[in-house]
Amino acid sequence: MQSANTMFILLGAIMVLAMHAGFAFLEVGTVRHKNQVNALVKIITDFAISTLAYFFIGYQIAYGLDFFAGATDLVVNSGYELVKFFFLLTFAAAIPAIVSGGIAERAKFYPMLIASALIVAFVYPFFEGIIWNGNYGFQAWLESTFGASFHDFAGSVVVHSVGGWIAFAAVFLLGSRRGRYRDGRVVAFAPSNIPFLALGAWILAVGWFGFNVMSAQTLDGISGLVAVNSLMAMVGGTITAMLAGRKDPGFIHNGPLAGLVAVCAGSDLMHPIGALVVGGIAGALFVYVFTLAQNRFTQFDDVLGVWPLHGLCGAWGGIAAGIFGLEALGGRGDVSFMSQLIGTAAGIAVALIGGFIVYGFVKAVSGLRLTEEEEFNGADLSIHKIGSTSEL
């Protein structure tokens, strides 16, 4: 049975690893042509740096475990603990991938890699350990005070909201792209490639069923309810984003992602109709807040809308688990609205504090932005010395 569990969680790790290609192509399709190479390079190098940071530091902070033992010891139980690390690493590495979309087109390369390492080594695992490993007694306090601990089955708050609010700090400190706002009004920077944007959304959506369903981490814990709830939230987000976004393809392809972000926390608790509602609200929330932020927050230039998509929809998902997870609304129960509210607020606080400390430190030491000339020429030529396509 242990070997079967190892294979199960390995398949989940592979599916979530594949989601990083989705992050890459979603960003490639959204940014301007002169920044496409940079988008691709950031995702894969961030993943590599995240692996080292999480293996040597982050995993120990979250779970108190390390792999500084002989290979003979590591293969106990078919190497389940190693593969569990791989699975949870793919979650941790999603944090820099989320941030990448917000800071696109004007961020320095190595300073952002250093920030990614610090986030995955210290900030993310600190909160991950509090929620998923019971560190520091926070979950025990919630359970004794409100009757249930904070429930986040697959990371609406632990991964997505934390990632989105860390991105908020990075985007705020970085400032808007040059030429983005003129006389206080937004200047449209059209996506460079809608097919790539759509491909990225589809890869993410498919991989999300590994993200959610395989968060059970064992075959005994697998639930078809998680799969169908993920499906219904995805559909709900798509429909409302289509309506609220007036058929805009960018909104339509981010809508399912908003729904999937929101359903992660309570996907094992909600009734499918509840998941449909949660996803639908998330899709509309993304469209309205993204539009508001782009038009009103002239120094807050979130290129892919990662703060509303992950930060706000993730927070909504954490709170929604305490509403639609209740038995009175068709859920399985054993959840507290107050615990969900406090746990969500705690995640936002850790992310904001950690994000501003890390990106503020990097900004003070090396700066975060490309020069005006480098940004004008594009990150592809300025950083990587090559464009995404050759000139014929």
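This text follows the structure it describes.
Computed from a prediction, not measured in an experiment: that's the story for all the values here. In this convention, every chain numbers its residues from 1, walking through the sequence in written order. Given that this is a predicted model, residues contribute local features only at a pLDDT of at least 70 and side-chain atom pairs are listed and counted only at 80 or more, while totals for whole chains, interfaces and linings are drawn from all residues. With hydrogens and water set aside, each side-chain value is computed from the structure's full complement of heavy atoms.

**Student:** How do you make sense of helix α14 (residues 337-365) when you look at a structure like this?
**Tutor:** Side chains that are three or four residues apart share a direction in an α-helix, a result of its 3.6 residues per turn. The end-to-end C-alpha separation of α14 is 42 Å, in line with the 42 Å expected for 29 residues at 1.5 Å each. Two or three places before methionine 338, at the start of α14, stands the capping residue serine 336, its side-chain oxygen 3.4 Å from that residue's backbone nitrogen. The numbering of helices and of strands both runs from the N terminus, where a helix is a DSSP run of H or I of at least 4 residues and a strand a run of E of at least 2. Glycine 367 sits one or two positions beyond α14 and adopts a positive phi of about 85 degrees. Here the expected span of a helix is defined as 1.5 Å times the quantity of residues minus one. Residues adjacent in sequence count toward polar contacts only when both atoms are side-chain atoms; beyond that, a polar contact is any pair of N or O atoms within 3.5 Å, and within protein one must be able to donate a hydrogen and the other to accept it.

**Student:** Help me understand unusual backbone geometry, please; the structure alone is not making it clear to me.
**Tutor:** Across residues other than glycine, the phi torsion is negative in most instances, and most of the peptide bonds are trans. In this structure, serine 78 takes a positive phi of about 60 degrees despite not being glycine. With respect to the helices and strands, the residue serine 78 is situated in the loop between α3 (71-74) and α4 (80-92). Classification of serine 78 by relative accessible area gives partly exposed; the value is 43%. Backbone geometry places arginine 246, a non-glycine residue, at a positive phi of 55 degrees. With respect to the secondary-structure elements, arginine 246 resides in the loop between α10 (224-244) and α11 (249-263). The buried label applies to any residue whose accessible area, calculated with a 1.4 Å probe on protein chains only, is under 20% of its type's maximum; exposed applies above 50%, and partly exposed to all values in between.

**Student:** In this structure, what is going on with the packing of aromatic side chains? I would like to understand it.
**Tutor:** The geometry of an aromatic ring pair is captured by two quantities: the separation of the ring centres and the angle between the planes. We call Phe, Tyr and Trp rings a pair once their centres come within 6.5 Å, taking the six-membered ring for Trp, and we label the pair stacked below 30 degrees between planes, edge-to-face above 60, and tilted otherwise. Counting across every chain of the model gives 29 aromatic pairs. Ring centres of phenylalanine 138 and tryptophan 141 lie 6.3 Å apart, and the angle between their planes is 35 degrees; this geometry places the pair in the tilted category. Residue phenylalanine 138 and its partner tryptophan 141 are located together in helix α7 (residues 138-146), separated by 3 residues, close to a single helical turn. The class for phenylalanine 138 is buried, based on a relative accessible area of 19%. Among the aromatic residues, those joined into a cluster by ring pairs are Tyr54, Phe55, Phe56, Tyr59, Tyr63, Phe67, Phe68 and Phe85.

**Student:** Quick question: what am I supposed to make of the nonpolar core here?
**Tutor:** It is characteristic of soluble globular proteins that their nonpolar side chains tend to be buried jointly. Residues Tyr54, Ile166, Trp208, Phe211 and Tyr359 are the most contacted members of the largest nonpolar core, which totals 110 residues. In what follows, a contact means two residues having at least one pair of non-hydrogen atoms within 4.5 Å. Every residue in contact with tyrosine 54, bar those within four places of it in the chain, is listed here: Tyr59, Tyr63, Phe85, Leu88, Leu89, Ala92, Val120, Tyr124 and Glu128. Side-chain atoms within 4.5 Å are what join buried Ala, Val, Leu, Ile, Met, Phe, Trp, Tyr and Cys residues into a set we call a nonpolar core.

**Student:** What is the right way to read the side chain of aspartate 268 from this model?
**Tutor:** One can find aspartate 268 in the loop between α11 and α12 (272-296). Asp and Glu are treated as the negative residues and Lys and Arg as the positive ones, with His and the ends of the chain left uncounted. Between Lys or Arg on one side and Asp or Glu on the other, a salt bridge is scored when a side-chain nitrogen of the former is within 4 Å of a carboxyl oxygen of the latter. There is no salt bridge for the buried aspartate 268, and the closest opposite charge comes from arginine 332, which lies 4.8 Å off by N-O distance. The contact partners of aspartate 268, leaving out residues within four places of it in the chain, are His151, Phe153, Leu225, Val226 and Arg332.

**Student:** Teacher, can you tell me more about the packing of helix α8 (residues 156-174) against helix α13 (residues 306-324) here?
**Tutor:** All axes here are fitted lines through C-alpha atoms, helices being fitted over the stretch that makes contact, and every angle between N-to-C directions spans 0 to 180 degrees. It is the contact of α8 with α13, at a shortest axis distance of 7 Å, that shows an interaxial angle of 145 degrees. Pair α8 / α13 crosses with left-handed handedness. Residue-level contacts link Ser156, Val157, His160, Ser161, Gly164, Trp165, Ala167 and Phe168 of α8 to Val306, Trp307, His310, Gly311, Leu312, Gly314, Ala315, Gly317 and Gly318 of α13. Along the lines of polarity and charge, the residues of the contact of α8 with α13 split into 8 nonpolar, 9 polar and no charged. For any helix crossing, the convention is left-handed if the near helix is rotated counterclockwise from the far helix by under a right angle, and right-handed if that rotation is clockwise. Basically, the charged four are Asp, Glu, Lys and Arg, the nonpolar ten are Ala, Val, Leu, Ile, Met, Phe, Trp, Tyr, Cys and Pro, and anything else, Gly included, counts as polar.

**Student:** Is there a simple way to think about the environment of isoleucine 353 in this case?
**Tutor:** With respect to the element layout, isoleucine 353 can be found in helix α14. For isoleucine 353, a relative accessible area of 54% corresponds to the exposed category. Along the primary structure isoleucine 353 and glycine 255 are separated by 98 residues, whereas in three dimensions their C-alpha atoms are 28 Å apart.

**Student:** Looking at this structure, I do not really get the packing of helix α2 (residues 36-63) against helix α6 (residues 110-132). What am I missing?
**Tutor:** Geometrically, a packed helix pair is captured by the angle between its two axes and the distance between the axes. Axis separation between α2 and α6 bottoms out at 8 Å; the angle between their running directions is 35 degrees. When the axes of α2 and α6 are compared, the crossing they make is right-handed. On α6, the residues touching Thr45, Asp46, Ile49, Ser50, Ala53, Tyr54, Ile57, Gly58, Ile61, Ala62 and Tyr63 of α2 are Leu113, Ser116, Ala117, Val120, Ala121, Phe122, Tyr124, Pro125, Phe126, Glu128, Gly129 and Trp132. Split into classes, the residues belonging to the contact of α2 with α6 amount to 16 nonpolar, 5 polar and 2 charged.

Coordinates in, geometry out; function isn't part of it.
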